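# Structure at a glance
Take a look at the letters that make up each chain.
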Amino acid sequence: MRNVYESLFFRTTDGELVPWLAESGDFSGNQWTIRLRQGITFHSGAELTAEAVKANLDYILDPDNAAGTQTLIPDVTGVEVVDTYTLRITTAEPNPDLAAQLTDVLIADPSVFAEAGAEALNENPVGTGPYRVERWQRDTELVLAAYEGYWQGRPAIDRVIFRVIPDTQARLAALLNGEVDLVPGVPPEMIAQIEADPAVRIEEVPGRQVIYVGMNLMRPGPLSDRRVRQALNYAVDADLIIDTILEGHATRNAAGLTAINAAYDPAIEPYRHDPERARQLLAEAGYAGGLTLDFHTPQGRYLKDYEAAQELARQLEAVGIRTNLQTHEWGTFLEMARSHTITDLYLIGLSDRTFAARRLVLHGDFGTSLRQSESALARVLEVAPNSLILAGLAVLVSLLIGVPTGVLAAVRRGSWIDRAAVAAATLLQSMPNFWVALMMILVFSVRLHWLPTGGMRGPESYVMPVAALAFLTTARFVRLVRSSVLDELGSDYTRTARSKGLAERVVVFKHVLRNALNPVITMTTLQLGTLFGGSVVTETVFAWPGLGRLMVDSIGYRDYPVVLASVTVIGATFAVLNLVTDVIYAVINPVVRYE
Amino acid sequence: MRSDAAGILSLAVLGLLVMAALAAPLLTPYHYNEGSVTERLLPPFSPGHVLGTDALGRDLLTRIIYGSRVSLLVGAASVLLAGTIGTVIGLLSGYLGGRFDRMVTRIIDAQLSFPFMILALTLAALLGPSLRNVIITLVVSSWVIYARLVRGQVLEEREREYVQAARALGASTARVTFRHLLPNVVPNVIVLASLEVGRMIIAEASISFLGYGIQPPLPSWGKMVAEGKDYLFTAWWISALSGAAIGLTTLCANLAGDWLRDRVGR
């Protein structure tokens, strides 16, 4: 975002607040006078003027637009243009913090959104930043190109490609394979292994995110007793978690602010680990026999959240606090936080950016989700072809391998070929799909560096997803064709054909196959339909931008319109495929006639 | 006979698995959630941990043994419940016909036109993650297969002489369906059920793998594959061994099912 859009003020990585699109800002009473830099242009060529900034702020402030960013500048009451490059912002009360609050307000070209609304920016993002958006494929990649007219001079790197690789291991494999140049979030236990590669360097910067366990005090229960809350603190050994699970790549914080914050007080000591004291406090509070609390945690949102939560639960249990641990996808977790259905304890991170950012969290509004701002059906239809390609290729491969193998196995019944084919089919059918997929990644990407771990880029990225899907389908075809051919071989007409003295080859190819392959047609269309919508696990493991993954994500985010649209599309596809099957039958087999 | 050998062998392995699941506390000195984070990610053949430890320092062998409880319980319970419900509905639908039958066939057709995993996943997400809800999800998603099989067979059997005779003697609907029809459809139901066990075990693993199934710290094989996924580089054995356990169990269930089918002669 910050590569495309910029804000009036900016906070550098050192935490310093500097003017950015603004040249200066003066504050007196409840008014801020902001002078803009001159000569800044949007990617569209239009100049950045006070008028344009006012249009941005007015759009945010207009309650009709329900802009989530309104909570960033809650007390702004009016914006007026003084001259081309100067504007005056009025706040309800004197607000010295406004410049800091404005660091999160990004300025876009008003000609894009003034008429069409902010949604138009999704399709046509026009800002003043060093890069303009060249191409964007949701959940797959974003290509940025250098903006020639950037006010600080053309950026040194011509094109920046952001690739979406949700899985940490896949991301690192992509780095080590040389597919990508930069990845964020290296898990601590892998640092040593990655540093061993001379081509890769790891940069570590102190984070600003404070991970803590919150307690819901809005509900009556044991947590309303101060001694229970203290006991929880004494029971926890945060240093142990830092030293082991995080391998020392974290620091202990006593409270919600980090060392970069002006209000940070290093004199505050964190609770020490004292299980004995915890038990004592619990006994005093009347819970000598222990108690049970719910403990919610998002999974995969924060570094090692899942492991840390389980270890915390174990530490609490050691002093007699049993927990019902519940892990949630981030979307579900967020939804529960919004609707206040999170009970007792919850693990969450707080980004300590500025005072303004804290205000945002206290307001409890996380902004409108981008996920919902687009038609559900459009999203489904956007990714459906990707799934269709995958399903089509997998079925094709399965047919090419499965049908000849099945025929051969049936014709040579009882031979080693038959036994091997049946054994292989049974084996393949019993292996869980996601496991086979993971093991392929382990061997071909992590160990051998032959194939990319995921994504849909170039022919080699098709190999593993297609193979993973084709395994099961091939096994089904082998079994089906084998038994179907065996049935036909034992039928009367085969005996007649043989007794006429026809060569076995002719019997098999001219007579038997023609009849035996009928069920194959049904199976083909059925499998096509199943794989089209049902390759949920494979698409997730290989980060394939298809229907299955969209549905898993949507279920996680409780985005039911998308789930419903997907289900409808899948249902319609099934119906069409059934019709196609019937038509094919009628064409190849004259006995079948439909009225 | 070779197929007999394979079938009996796989039944024996399944039997061993069931015994291991029941006797888990006797087979391993650890509890499934026991361990220290200071002993995390130990490789196989470490002292005291034959198969190594996971990301929280828990003994992997212990978790695989306890994990068999979840897989076998889910496999058995969902097949038993779905089989019973599906059979009863299929019997009534096939025998009674009329509006009830039309309604049931509608439901069967509608449900079978969606991929099984999508239906199961949506249900699991709606119900919330827990062992009980996974079983409910699998039962709701799979009873139609039994209902379709039984209904089809009842339509054939209904016209047979023995049913006509029973009706002519004034037997009630309940008596005809459960006393006369049921024994004739049960063998096929058992064959189908035996083949469904493997599918249900894999389905539970997939649901748990995607995060909508069994909750930690309870070990489920699918969940353990997912947990190991974040350590493929550093500790591949977590995913590899847990997945192998699923594969072995499903393979045995399928081989036993095949063998049963050949014996029943379908």
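Residues numbered from 1 in each chain as written. Chains lettered and ligands numbered in written order. Predicted model: local features only at pLDDT ≥ 70, side-chain atom pairs only at ≥ 80, totals over all residues. Heavy atoms only, no water.

### Thoughts on the overall build of chain B
Looking only at helices and strands, chain B features ten helices and zero strands. When the helices and strands of chain B are listed from N to C terminus, the series reads α-α-α-α-α-α-α-α-α-α. If one aligns the C-alpha atoms of chain B with their principal axes, the spans along those axes are about 75 × 45 × 25 Å. Out of the 266 residues belonging to chain B, those deemed buried represent 55%. Considering only contacts in chain B between residues 6 or more positions apart, those separated by 24 or more positions represent 71%. (Helix = DSSP H or I, 4+ residues; strand = E, 2+ residues; numbered from the N terminus. Buried < 20%, exposed > 50% of the residue type's maximum accessible area, 1.4 Å probe, protein only. Contact = heavy atoms within 4.5 Å.)

### Looking at the overall build of chain A
Within chain A, the regular secondary structure consists of 22 helices and 15 strands. Along the longest, intermediate and shortest principal axes, the C-alpha atoms of chain A span 110 × 70 × 55 Å. With 595 residues in all, chain A has 48% of them scored as buried. Taking the contacts inside chain A whose residues are at least 6 apart along the sequence as the reference set, 66% of them involve residues at least 24 apart. Averaging the locations of the 50 positively and 66 negatively charged side chains of chain A gives two centres separated by 10 Å. (Lys, Arg positive; Asp, Glu negative; His and termini not counted. Charge placed at Lys NZ, Arg CZ, Asp CG, Glu CD.)

### Considering the packing of helix 7 (residues 226-235) of chain A against helix 9 (residues 275-284) of chain A
Residue and element names in this part refer to chain A. Viewed as axis vectors pointing N to C, helix 7 and helix 9 meet at an angle of 165°, and their least axial separation amounts to 8 Å. Relative to helix 9, helix 7 is oriented roughly antiparallel. As for how helix 7 packs across helix 9, the hand of that crossing is left-handed. Touching Arg-227, Val-228, Gln-230, Ala-231, Tyr-234 and Ala-235 of helix 7 are Pro-275, Arg-277, Ala-278, Leu-281, Leu-282 and Glu-284, all from helix 9. Considering only residue class, the contact of helix 7 with helix 9 consists of eight nonpolar, one polar and three charged. (Axes fitted to C-alpha atoms, helices over the stretch in contact; angles between N-to-C directions. Parallel < 35°, antiparallel > 145°, perpendicular 65-115°, else oblique. Left-handed = near helix turned anticlockwise from the far one by under 90°. Nonpolar A, V, L, I, M, F, W, Y, C, P; charged D, E, K, R; others polar.)

### Concerning the pattern of salt bridges
For the structure shown, the criterion picks out 25 salt bridges over all chains. The residue Arg-227 of chain A makes a salt bridge to Asp-225 of chain A at a minimum N-O spacing of 3.1 Å. Taking the shortest distance from any N to any O, the salt bridge between Glu-311 of chain A and Arg-314 of chain A comes out at 2.8 Å. In this pair, Glu-311 of chain A and Arg-314 of chain A both sit in helix 10 (residues 305-318), three residues apart, roughly one turn of the helix. Just as Glu-311 of chain A is buried, Arg-314 of chain A falls in that class too. What you see here is one network of salt bridges that share partners, running through Asp-54, Arg-58, Arg-63 and Glu-227 of chain B. (Salt bridge = Lys/Arg side-chain N within 4 Å of Asp/Glu carboxyl O.)

### Describing the side chain of Ser-208 of chain B
Residue and element names in this part refer to chain B. Of note, Ser-208 is situated in helix 8 (residues 173-209). Residue classification places Ser-208 among the buried residues on the basis of a relative accessible area of 0%. Of the polar contacts made by the side chain of Ser-208, one reaches the side chain of Glu-204; its length is 2.7 Å. Not counting residues within four places of it along the chain, the set of residues in contact with Ser-208 comprises Gly-213, Ile-214, Ser-220, Gly-222 and Lys-223. (Polar contact = N/O pair within 3.5 Å; in protein donor to acceptor, adjacent residues only side chain to side chain.)

### Comments concerning the nonpolar core
Ranked by internal contacts, the top residues of the largest apolar core, which has 117 residues, are Phe-434 of chain A together with Leu-121 and Phe-209 of chain B. Among the elements that make up this core, the one with the highest residue count is helix 8 of chain B (13 residues). With residues near it in sequence (within four places) discarded, Phe-434 of chain A still touches Val-537 and Val-541 of chain A together with Ile-202, Ala-205, Ser-206, Phe-209, Gly-222, Val-225 and Ile-246 of chain B. Counting 39 residues, the second-largest nonpolar core is a separate cluster that includes Leu-8, Phe-9, Val-76 and Val-126 of chain A. (Core = buried A, V, L, I, M, F, W, Y, C linked by side-chain atoms within 4.5 Å.)

### Let's talk about the interface of chain B and chain A
Contacts between chain B and chain A engage 55 residues on the former and 57 residues on the latter. For the pair chain B and chain A, the two sides together bury roughly 4,800 Å², of which 66% comes from carbon and sulfur. Summed over the shared surface of chain B and chain A, the number is two salt bridges. A salt bridge links Arg-40 of chain B to Glu-247 of chain A; the nearest nitrogen and oxygen atoms lie 3.3 Å apart. The set of elements that each furnish at least two residues to the side of chain B that touches chain A consists of helix 5 (116-127), helix 8, helix 9 (221-229) and helix 10 (237-264) of chain B. Its residues placed into classes, the side of chain B that touches chain A shows 30 nonpolar, 15 polar and ten charged. (Buried area = accessible area lost by both parts, 1.4 Å probe.)

### So, the packing of helix 18 (residues 504-516) of chain A against helix 19 (residues 518-534) of chain A
Residue and element names in this part refer to chain A. Running from N to C, helix 18 and helix 19 point in directions that differ by 35°, and their axes come no closer than 4 Å. Contacts between helix 18 and helix 19 involve Arg-514, Asn-515 and Ala-516 from the former and Asn-518, Pro-519 and Val-520 from the latter. For the contact of helix 18 with helix 19, the class distribution of residues is three nonpolar, two polar and one charged.

### Comments concerning the confidence of the model for chain A
All names here are of chain A. On average, residues of chain A carry a pLDDT of 82, and 94% of them reach 70 or more. When the elements of chain A are averaged for pLDDT, helix 12 (residues 355-363) gives the smallest value, 35, and helix 9 the largest, 92. Ignoring residues within four places in sequence, the model shows residues 354-373, a span with pLDDT below 50, making 29 contacts including any to other chains. (pLDDT = per-residue confidence, 0-100.)

### Some points on a nonpolar patch on the surface
Residue and element names in this part refer to chain A. Taken together, Val-576, Leu-579, Val-580, Val-583, Ile-584, Val-587 and Ile-588 make up a surface patch of nonpolar side chains, about 610 Å² in accessible area. Structurally, Ile-584 is set in helix 22 (residues 560-588). Among the residues examined, Ile-584 registers a relative accessible area of 31% and is labelled partly exposed. (Patch = residues over 30% accessible without salt bridge, like charges linked within 9 Å, V, L, I, M, F, W, Y side chains within 5 Å. Areas by Shrake-Rupley, 256 points an atom, 1.4 Å probe, with all protein chains shown as cover.)

### Things to note about the sheet that holds strand 9 (residues 131-137) of chain A
All names here are of chain A. With respect to topology, three strands assemble into an open sheet ordered 9-10-11, the strand pairing being antiparallel. The two strands at the open ends of the sheet, each matched to only one other strand, are strand 9 and strand 11 (159-163). Here the strands of the sheet are splayed against their neighbours by 20° on average, with no regard to which way each runs. (Pairing = 2+ DSSP bridges.)

### A few points about the environment of Ala-82 of chain B
Residue and element names in this part refer to chain B. Along the chain, Ala-82 falls in helix 3 (residues 60-96). Residue classification places Ala-82 among the buried positions, given a relative accessible area of 0%. In the structure, Ala-82 is positioned 60 residues away from Ser-142 in sequence and 6.3 Å away in space, judged by C-alpha atoms. Apart from the residues within four sequence positions on either side, Ala-82 is in contact with Val-139, Ser-142, Trp-143 and Tyr-146.

### A look at the environment of Asn-30 of chain A
All names here are of chain A. You can see Asn-30 is positioned in the loop between strand 4 (22-28) and strand 5 (31-36). On a C-alpha basis, the gap between Asn-30 and Glu-179 in space is 52 Å, while along the polypeptide they are 149 residues apart. Setting aside residues no more than four positions away along its own chain, Asn-30 makes contact with Ile-89, Thr-90, Thr-91, Ala-92, Glu-93 and Pro-94.

### A closer look at the packing of aromatic side chains
Throughout the structure, instances matching the rule amount to 14 aromatic pairs over all chains. On the basis of an interplanar angle of 80° and a centroid distance of 6.0 Å, the ring pair of Trp-236 of chain B and Trp-237 of chain B is categorised as edge-to-face. Using a relative accessible area of 37% as the deciding quantity, one classes Trp-236 of chain B as partly exposed. Under the relative-accessibility criterion, Trp-237 of chain B is labelled buried at 7%. Chaining the aromatic ring pairs together yields one cluster made of Phe-10, Trp-20, Tyr-150 and Trp-151 of chain A. (Phe/Tyr/Trp six-rings, centres within 6.5 Å; stacked < 30°, edge-to-face > 60°.)

### Some points on the sheet that holds strand 13 (residues 291-298) of chain A
All names here are of chain A. Strand order in this open sheet of four strands is 12-15-13-14, and the pairing throughout is mixed. Bordering the open sheet on either side are strand 12 (209-215) and strand 14 (321-328), each of which pairs with just one other strand. Pairwise comparison of adjacent strand axes, ignoring direction, gives a mean angle of 30° for this sheet. Where strand 13 lies against strand 14, eight bridges are found, and the strand directions are parallel. Across the sheet, Phe-295 pairs through a bridge with Leu-325, a residue of strand 14. In the packing of helix 7 onto the sheet, the strands contacted are strand 12, strand 13, strand 14 and strand 15 (345-351), and the crossing angle to strand 12 comes to about 140°.

### Some remarks on helix 19 of chain A
Taking 1.5 Å as the rise per residue, helix 19 of chain A with 17 residues should run 24 Å; its terminal C-alpha atoms sit 24 Å apart, in good agreement. By the burial criterion, the buried members of helix 19 of chain A are Asn-518, Val-520, Ile-521, Met-523, Thr-524, Thr-525, Gln-527, Gly-529, Leu-531, Phe-532 and Gly-533 of chain A. (Expected span 1.5 Å × (residues − 1).)

### Focus on the confidence of the model for chain B
Of the residues in chain B, 98% reach a pLDDT of 70 or more, and the chain-wide mean stands at 87. For this predicted complex, the interface confidence reaches an ipTM of 0.84, while the overall pTM sits at 0.79.

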